[in-house]
Amino acid sequence: MKSFTYERATSLPHAVNAAANNPGARFIAGGTNLLDLMKLEIEIPQHLIDVNGLALDEITPTEDGGLRIGAMVRNTDLAAAPQVRRDYAVLSKALLAGASGQLRNKATTAGNLLQRTRCAYFYDTHQPCNKRRPGAGCSAIGGASRQQAIVGVSDACIASHPSDMAVAMRALGARVETLNSDGQVRTIDLADLYSAPGTTPHIENILNNGELITAVTLPKPLGGEHIYYKVRDRASYAFALVSVAAIVLPDRTGQLALGGVAYKPWRSEEAEAYLPDGAKAVARQLLAGANPTAQNAFKIKLAERTIGLALSTASS
Amino acid sequence: MKFDTPASTNPIDQMKVIGQPKDRVEGKLKTTGTATYAYEQQAAVSPTAYGYVVGSAIGKGRISSIDSSEARQASGVITIVTYENAGQLDRGEFYVDRALAGPKIDHYHQAVAIVVAHTFEQARAASALLRVYYVREPGAYDLAAQRASATTPAPGAFGPPPHTATGDFEGAFKQAAVTLDGHYTTPDHAHAMMEPHATIAQWQGNKLTLWTSIQQMNWGVRDLAKTLGISKDNIHLISPYIGGGFGGKGTILCDAVLASLAARAAGRPVKVALPRPLMFNNLTHRPATIQRIRLGANPDGTLTAVGHESWSGNLRGGRTEAATASTRTLYAGANRMTRLYLAELDLAEGSAMRAPGEAPGMMALEIAMDEMAEKLAMDPVKFRVINDTQVDPEQPDRRFSQRQLVECLNTGADHFGWARRSTQPAKELHDGWWIGLGMASAIRGAPTTKSAARVRLDRKGMVTVETDMTDIGTGSYTIIAQTAAEMMGVDMDKVNVYLGDSRFPESSGSGGQWGAASSTAGVYAACVKLREAVATTLGLDPTKTEFIDGHVREGSNNLPLAQATIDGDLQAEDVMEFGDLAKQYAQQTFGAHFVEVGVNAATGEIRIRRQLAVCAAGRILNPKTARSQIIGGMTMGAGAALMEEMIVDHRLGYFVNHDLAGYEVPVHADIPHQEVIFLDEVDAYATPLKAKGVGELGISGAAAAIANAVYNATGIRVRDYPITLDKLIDHLPAVG
């Protein structure tokens, strides 16, 4: 780990100004991913701005009947919040399917969204990785790729996003609220937060330097059946091979996102139009253009079957 | 004392303390975090410097140059040791890997340097500034690709001969009415113990003290002396607590050697722990195997031909994974053959891991037996029962000292409800899950090796045992205290046990499932001597004296034990040596595994529902710690069956998933229900305690039982471990 300076932000303007004044800075919240990456010198921030002291840890109703989740709400608290369990059960289920109790106690809402891939080559600084060193090459392509993405991949990167929480939020149609150092507030659809790897896999999202996520908002409750099904080799404490977050309404329409298959939670409204036709039709549309490796081609069938399982769970 | 005739009645048979489910004597220390593991021995040495090990960035090649100028200037750095300044280094006698690379690189993450600084963070930061330049050379990383180049290995110190043959296997196989010819693979496995390899090294003149974490103190002294070229007398190893070893801490490895070099170069004590991501490629592992099993039987199920071949790879000079070990003695069959082949690979060293040989061998053999039973349209339990043998199939005049395999199988079948198993696969669908039952036999050798101990009785009547035996989480402290308490006729709270110090009498150490049986035999021998000393001191006849309830009795005499020490402590030391009873009688432990699994009909996810092991392994010294050993083995078997695999990158030449996030081992949710039944057994041919080890029996066969249950659930036969859902999903039976 390289030496770094550290300050504790006492207000939102303080936090974003500190970031603007320190181009090599990172915000630190729960630290469950960033600290690991710093120890491995994959992340080398010269300055850390601790945002734990900001009053961003509340869950409040929005004017349009939805929910605003403060960026610093811990995963454990979010999963347990009564209004989340009642109205957004898919989110609660997804959170509880992720990580471990200890990690969820530390991990925050915004930190969870911005966690980085768990690709083993990304984590081994001896190996070429375009995310770590642009232009170095991708070791996962042609290497150990069972866990990697199958859609939205490029010749430069096939890493998948590891979050469960984000998959449920995407299915719910969540939006992300941010603050820039110039005081500007913007709202980003979660669908637009993540950048496709393309030729620049080291750029993972559209946030500006120093832009701070302050909250995630959920639209008003959809009702329906909420299902989160996470498929993995062991029963707990493993990243998804494939996961499905689904909200299925009584008329068999609904909203649905996949985890474990792309650089971001994978959802398409076009695919959802096929929901009344069943899983096969949905999956065909959702994963059109998939470009898997020999090791992870099974994810296509697995995704279709897991969607089917989610739909049958909803109807039973 | 020499054990060369079967044990007769002795004080152990009272079983007042032995055989009781006593709590671990050091349990409280471990559950309260106060047991001092190697890295935590600060109090023993201070001030300490910290060493950070730098691993090679390439799989095979050589170091062309090292630029340490920037690293040496870094904050807090005291010294840096590389091959350029380490001096001449040899290797130990057990591992072939070199603790320090250079200029040749033998495998990925082989240590190229240790950076020593005042703090851990300084050492780690400086290590990133060390510039090591490499020249890559093509390496051999793929066992399947190297299989054709494999040769017959030289016979090793452990494990079966490379080739065995009895009768005419090829002829019998050709003529058999029912045959099976199957190929199976097992991947590389990591020990993945909780405590990483860690050492604090301190030099005082030419005397070297190591607080370290190893299973065999005597091997450690031997191998460190040879590696460093110093006298064994100048080495003192201390390993009171070990956070798991599973064979991966057999003797000294990179941490011990580099800590010693670093402490010498730094002129002060140095502590080193291997970072988890380095452990998988730097240290040893269970090597992958490719196995071919051929079975031939008569229509009535009698095996007539048993053939087992196995290929594994290793660094040059490394050992062979002896996957054929159990096939030699598990089942009858007049015509048999086993063959081992070894290829050279440029991956980390393959070596002992819990039930080396038996574990991967049984993973294959016990699937083959399930397949064969199906071909014969015979129940798999019955098929095994009718092929039981009470004599060594390779030497029919050699009986087993004890063999209750059939009793294990039948007891397990009854207890588990085996009769309810559908003989047709893919018939039991419940709530979206295919349910299946599977079983496998278990066999694991019961070796013993010489073991010494010292026992002292003090004026307060306290008995103190000292031996360099280790407790790697197995319960050695407890069973040794039980042994001494039983022998001296006192309660366990009157016994102190000190282990893990190379200055204590040389024991068997922990490994190969020999530790419990051997080390308690050594303590028994020392206690016999101490009893004689007590009796003589009290003027009693040693041959007629009984030790009961803290008293010594002979006829009408009944004296307090402590009376013997009025004039001073009494001490006795002895070593138990084992004669050739193990040659005259085949000595093995036996068991039977039964498993129920569910396989998700949509996704192919496999979840174990319950596991049962029935074991017959001589006298069980402590049913509680023995059960923990068996369920630990069953859990490791579950990992081997369903998830554990060190993934080899055949281009870059290393194990890719080299941390505990990438290398998955079972978590609690994977293991919902386990049961263990020990059959009543004493084995007078094994040790004076009539006991055998159980540390490796639980894993042997455990994975295959799961594989067979998956087959029973789905009708899908997976012969390449681990059995993951991607191997099922294209073949899952249609629902409804």
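What counts and what doesn't
- Residues numbered from 1 in each chain as written.
- Chains lettered and ligands numbered in written order.
- Predicted model: local features only at pLDDT ≥ 70, side-chain atom pairs only at ≥ 80, totals over all residues.
- Heavy atoms only, no water.
- Buried < 20%, exposed > 50% of the residue type's maximum accessible area, 1.4 Å probe, protein only.
- Helix = DSSP H or I, 4+ residues; strand = E, 2+ residues; numbered from the N terminus.
- Contact = heavy atoms within 4.5 Å.
- Pairing = 2+ DSSP bridges.
- pLDDT = per-residue confidence, 0-100.
- UniProt positions renumbered as here; feature names shortened; annotations may be inferred.
- Domains from an automatic or database assignment.
- Buried area = accessible area lost by both parts, 1.4 Å probe.
- Salt bridge = Lys/Arg side-chain N within 4 Å of Asp/Glu carboxyl O.
- Polar contact = N/O pair within 3.5 Å; in protein donor to acceptor, adjacent residues only side chain to side chain.
- Phe/Tyr/Trp six-rings, centres within 6.5 Å; stacked < 30°, edge-to-face > 60°.
- Axes fitted to C-alpha atoms, helices over the stretch in contact; angles between N-to-C directions.
- Nonpolar A, V, L, I, M, F, W, Y, C, P; charged D, E, K, R; others polar.
- Core = buried A, V, L, I, M, F, W, Y, C linked by side-chain atoms within 4.5 Å.

**So, helix H12 (residues 279-286) of chain A**
Next up, step 1: Looking only at H12 of chain A, the buried set comprises Ala279, Ala281, Val282, Ala283 and Leu286 of chain A.
Next up, step 2: Contacts from the buried residues of H12 of chain A go to strand S11 (254-259), helix H11 (269-272) and helix H13 (298-315) of chain A.

**With respect to the sheet that holds strand S5 (residues 104-105) of chain B**
Remark on secondary structure: sheet strands pair via backbone hydrogen bonds, oriented parallel or antiparallel.
All names here are of chain B.
Next up, step 1: Pairing within the open sheet is antiparallel, and its three strands lie in the order S5-S3-S7. Pairing within the sheet leaves two strands with one partner each, and these edge strands are S5 and strand S7 (131-136).
Next up, step 2: Two elements, strand S3 (residues 61-67) and S5, share two bridges in a ladder whose sense is antiparallel. Note on S5: the bridge partner recorded for Arg62 is Lys104.

**Quick look at the confidence of the model for chain B**
Next up, step 1: Considering every residue of chain B, the mean pLDDT works out to 97; 100% of them sit at 70 or more.
Next up, step 2: The ipTM assigned to the predicted complex is 0.97, against a pTM of 0.98.

**Points about the UniProt feature "domain: FAD-binding PCMH-type" (unreviewed entry) in chain A**
Next up, step 1: Within this numbering scheme, the UniProt entry marks residues 1-223 of chain A as carrying the feature "domain: FAD-binding PCMH-type" (unreviewed entry).
Next up, step 2: Secondary structure content for residues 1-223 of chain A is 29% helix and 16% strand, while the C-alpha to C-alpha distance between its ends is 47 Å.

**Examining the domain arrangement of chain B**
All names here are of chain B.
Next up, step 1: Taken domain by domain, chain B consists of domain 1 (2-35 + 448-578) and domain 2 (400-446 + 587-735).
Next up, step 2: In this structure, domain 1 and domain 2 have C-alpha centres spaced 35 Å apart.
Next up, step 3: With 33 residues of domain 1 at the interface, the matching set in domain 2 holds 27 residues.
Next up, step 4: Taking both sides of the interface into account, the surface hidden between domain 1 and domain 2 amounts to around 2,200 Å²; carbon and sulfur atoms contribute 57%.
Next up, step 5: Between the two partners, domain 1 and domain 2, sit three salt bridges.
Next up, step 6: Our enumeration of links across domain 1 and domain 2 arrives at 17 residue pairs in polar contact (both at pLDDT 80 or more).
Next up, step 7: Counting only elements with at least two residues in the side of domain 1 that touches domain 2, the list comes to helix H12 (476-488), helix H13 (515-537) and strand S27 (570-578).
Next up, step 8: With five residues, the single largest contributor to the side of domain 1 that touches domain 2 is H13.

**A closer look at the packing of aromatic side chains**
Residue and element names in this part refer to chain B.
Next up, step 1: Counted under the stated rule, the structure contains 20 aromatic pairs over all chains.
Next up, step 2: On the basis of an interplanar angle of 40° and a centroid distance of 4.8 Å, the ring pair of Phe94 and Trp219 is categorised as tilted. With Phe94 in the loop between strand S4 (77-82) and S5 and Trp219 in helix H6 (residues 217-228), this pair connects stretches of sequence that are 125 residues apart.
Next up, step 3: For Trp219, a relative accessible area of 14% puts it in the buried group.
Next up, step 4: Relative to Tyr477, the ring of Tyr241 has its centre 5.8 Å away and its plane inclined at 35°; by these criteria the two rings are tilted. Of this pair, Tyr241 sits in the loop between strand S12 (235-238) and helix H7 (254-266) while Tyr477 sits in helix H12, and the two are 236 residues apart along the sequence.

**Considering the sheet that holds strand S24 (residues 546-548) of chain B**
Residue and element names in this part refer to chain B.
Next up, step 1: The sheet built from three strands is open, its strands ordered S24-S25-S26 with antiparallel pairing. In this open sheet, the two edge strands, each paired with only one partner strand, are S24 and strand S26 (557-560). Strand-to-strand twist of the sheet, defined as the mean angle between neighbouring strand axes without regard to direction, takes the value 25°.
Next up, step 2: Bridge analysis of S24 against strand S25 (residues 551-554) gives three bridges, and the strand direction is antiparallel. Bridging across to S25, Glu546 finds its partner in Arg553.

**Regarding the interface of chain A and chain B**
Next up, step 1: Across the contact, 32 residues belong to chain A and 36 residues belong to chain B.
Next up, step 2: Area buried by chain A at its contact with chain B is led by His126, Arg234 and Arg305 of chain A, which between them contribute 23% of it.
Next up, step 3: Glu664 of chain B serves as the salt-bridge partner of Arg234 of chain A, at 4.0 Å between the closest nitrogen and oxygen.
Next up, step 4: The tally of links between chain A and chain B comes to 18 residue pairs in polar contact (both at pLDDT 80 or more).
Next up, step 5: Mapped onto the side of chain A that touches chain B, the elements with two or more residues apiece are helix H8 (120-123), strand S9 (225-231) and H13 of chain A.
Next up, step 6: If one sorts the elements of the side of chain A that touches chain B by residue count, H13 of chain A sits on top with six residues.
Next up, step 7: Class assignment of the residues belonging to the side of chain A that touches chain B gives a composition of 14 nonpolar, seven polar and 11 charged.

**So, unusual backbone geometry**
Next up, step 1: Gly102 of chain B connects to Pro103 of chain B through a cis peptide bond whose omega is -15°.
Next up, step 2: If you trace the backbone, Pro103 of chain B turns up in the loop between S4 and S5.
Next up, step 3: The step from Tyr721 of chain B to Pro722 of chain B runs through a cis peptide bond, and the omega angle for that step is -5°.
Next up, step 4: Note on placement: Pro722 of chain B falls in the segment after helix H16 (702-714).
Next up, step 5: Notably, Ala99 of chain A is not glycine yet its phi reads approximately 50°, a positive angle.
Next up, step 6: Of note, Ala99 of chain A is situated in the loop between helix H5 (89-96) and helix H6 (101-106).
Next up, step 7: Look at Lys690 of chain B: it is not a glycine, yet its phi comes out positive at around 60°.
Next up, step 8: With respect to the helices, strands and loops of the structure, Lys690 of chain B is situated in the loop between strand S32 (674-678) and H16.

**A short note on the nonpolar core**
Next up, step 1: Leu78, Leu91, Leu113, Met169 and Ile307 of chain A are the most contacted members of the largest nonpolar core, which totals 88 residues.
Next up, step 2: Of the residues forming this core, the biggest block, eight residues, is contributed by H13 of chain A.
Next up, step 3: In this view, Leu91 of chain A contacts Ile69, Leu78, Val84, Met165, Ala168, Met169, Leu172 and Leu218 of chain A; residues no more than four positions away in its chain are not counted.
Next up, step 4: Counting residues in hydrophobic clusters, the runner-up holds 71 residues, among them Met378, Phe594, Ala641 and Ala713 of chain B.

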